[in-house]
Amino acid sequence: MRTIGLIGGMSWESSAHYYRLINQGVRERMGGVHSAPLLMLSVDFAEIAALQHSGDWVALGARMVAASRTLADGGAEAIVLCTNTMHKLADTIEQAQPRPLLHIADAAGAAIVAAGHRRVGLLGTAFTMEEPFYRERLNAGFGLEVLVPDAMGRATVHAIIYDELVRGFVRDESRERYRTVIAGLVTQGVEAIVLGCTEIMLLIATEDSAVPLFDTTALHAAAAVNFIVGRTVPPSKAPTIVRAP
């Protein structure tokens, strides 16, 4: 098996699910008591979030590059960035160190196309929804039309992520607000919803949407498992959503 390096802590709530899902996937694929050979470098999310909201992506890039180099030097054969938003820096990370980055949007895009969808709604942080890096990756790489909520909906989704989910708070009233945002996208004709923040799966499940949900945490973890075991499975067999126990 090959070793994966995880850049985690953004937030640790979702990074813990990455660790569990990757190890479960390796055990299922390899059998017995196999587990995943992993390295994890977990950052302080308070510092990362402050830099995000101040717009200091140069400093953020330097931190992600340093983390990826540390993992590469430690023996990681590929890098998994356990967050959607920080994939804004994917090119910077890949160009600065020798290991491939398993891109989270590629894992999502492949599963969406395999399921036969072309028009999708994207939920995530304001950075992910409003900046082009994520939508353009899905469009250019997979031919997907990507819609995002209106301004009020984007503000709602973003605030619940940073004020609640990354802190481990899961509230029924926030689930209802997400359901309303999802329903608004469905009325615009989306065929599926991309949970484009690794914490959203803590709040939203299949029953909260009239269209399929694509959980990027689960899909990214499945891509990591494929790399570790050196084998792939058809994207159509990848999970769309996994509800954490």
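Since the structure is predicted, the reported quantities are computational estimates derived from the model, not experimental observations.

Q: Mind laying out the sheet that holds strand β3 (residues 78–81), listing which residues take part and the relevant values?
A: Pairing is parallel across the open sheet formed by three strands, whose spatial order is β2-β1-β3. Only two strands of the sheet have a single neighbouring strand rather than two, namely β2 (38–42) and β3. Strand after strand, the sheet turns through a mean of 20 degrees between neighbouring axes, direction not considered. Bridge analysis of strand β1 (residues 4–8) against β2 gives five bridges, and the strand direction is parallel.

Q: Hey, could you go over the packing of aromatic side chains for me, with residue numbers and the actual values?
A: Under the definition given, this model contains three aromatic pairs. When the centroid spacing of 6.1 Å and the interplanar angle of 20 degrees are considered together, the rings of Phe45 and Tyr162 count as stacked. Placement of the pair is Phe45 in helix α2 (residues 45–54) and Tyr162 in helix α8 (residues 151–163), with a sequence separation of 117 residues. The same class applies to Phe45 as to Tyr162, namely buried. With 6.3 Å between their ring centres and 85 degrees between their planes, Phe133 and Tyr134 make a pair best called edge-to-face. Across the pair, Tyr134 and Phe133 agree in class, each one buried. Above the face of the Phe227 ring, Arg2 is positioned so that its terminal group lies 3.8 Å from the ring centre.

Q: Pulling in residues and values, what's your account of the environment of Thr70?
A: Note that Thr70 resides in helix α3 (residues 57–73). For Thr70, a relative accessible area of 46% gives the class partly exposed. A sequence separation of 38 residues divides Thr70 from Gly32, and the C-alpha atoms of the two residues are 31 Å apart. Separated by 3.0 Å, the side chain of Thr70 and the backbone oxygen of Ala66 make a polar contact.

Q: I'd like a description of the pattern of salt bridges, backed by residues and values.
A: Under the definition given, this model contains nine salt bridges. With a closest N to O distance of 2.7 Å, Arg137 and Asp106 form a salt bridge. Within this pair, whereas Arg137 is found in helix α7 (residues 132–142), its partner Asp106 is found in helix α5 (residues 104–114), the two being separated by 31 residues in sequence. Ionic pairing is found between Asp172 and Arg175, a salt bridge with its closest N-O pair at 2.7 Å. Pair noted here: Asp172 and Arg175 are both in helix α9 (residues 172–187), with a separation of three residues, about one helical turn. Residue classification places Asp172 among the exposed residues on the basis of a relative accessible area of 55%. Through salt bridges with shared partners, one network takes in Glu176, Arg179 and Asp208.

Q: Summarise the nonpolar core; cite the residues concerned and give the values.
A: In terms of nonpolar packing, the biggest core is built from 42 residues, with Met64, Met86, Leu123, Ile161, Tyr178 and Ile193 touching the most fellow members. Within the residue set of this core, elements represented by two or more residues are α2, α3, β3, α4 (90–96), α6 (126–130), α8, α9 and β6 (192–195). A per-element tally of this core places α3 first, with five residues. Residues contacting Tyr178, with those up to four places away along its chain left out, are Leu123, Thr156, Val157, Ile160, Ile161, Leu165, Ile200, Leu203 and Ile204. With 36 residues, the next largest nonpolar core counts Leu21, Val146, Val194 and Ala218 among its residues.

About the thresholds
Residues numbered from 1 in each chain as written. Predicted model: local features only at pLDDT ≥ 70, side-chain atom pairs only at ≥ 80, totals over all residues. Heavy atoms only, no water. Pairing = 2+ DSSP bridges. Helix = DSSP H or I, 4+ residues; strand = E, 2+ residues; numbered from the N terminus. Axes fitted to C-alpha atoms, helices over the stretch in contact; angles between N-to-C directions. Phe/Tyr/Trp six-rings, centres within 6.5 Å; stacked < 30°, edge-to-face > 60°. Buried < 20%, exposed > 50% of the residue type's maximum accessible area, 1.4 Å probe, protein only. Lys NZ or Arg CZ within 6 Å of the ring centre and 35° of its normal. Polar contact = N/O pair within 3.5 Å; in protein donor to acceptor, adjacent residues only side chain to side chain. Salt bridge = Lys/Arg side-chain N within 4 Å of Asp/Glu carboxyl O. Core = buried A, V, L, I, M, F, W, Y, C linked by side-chain atoms within 4.5 Å. Contact = heavy atoms within 4.5 Å.

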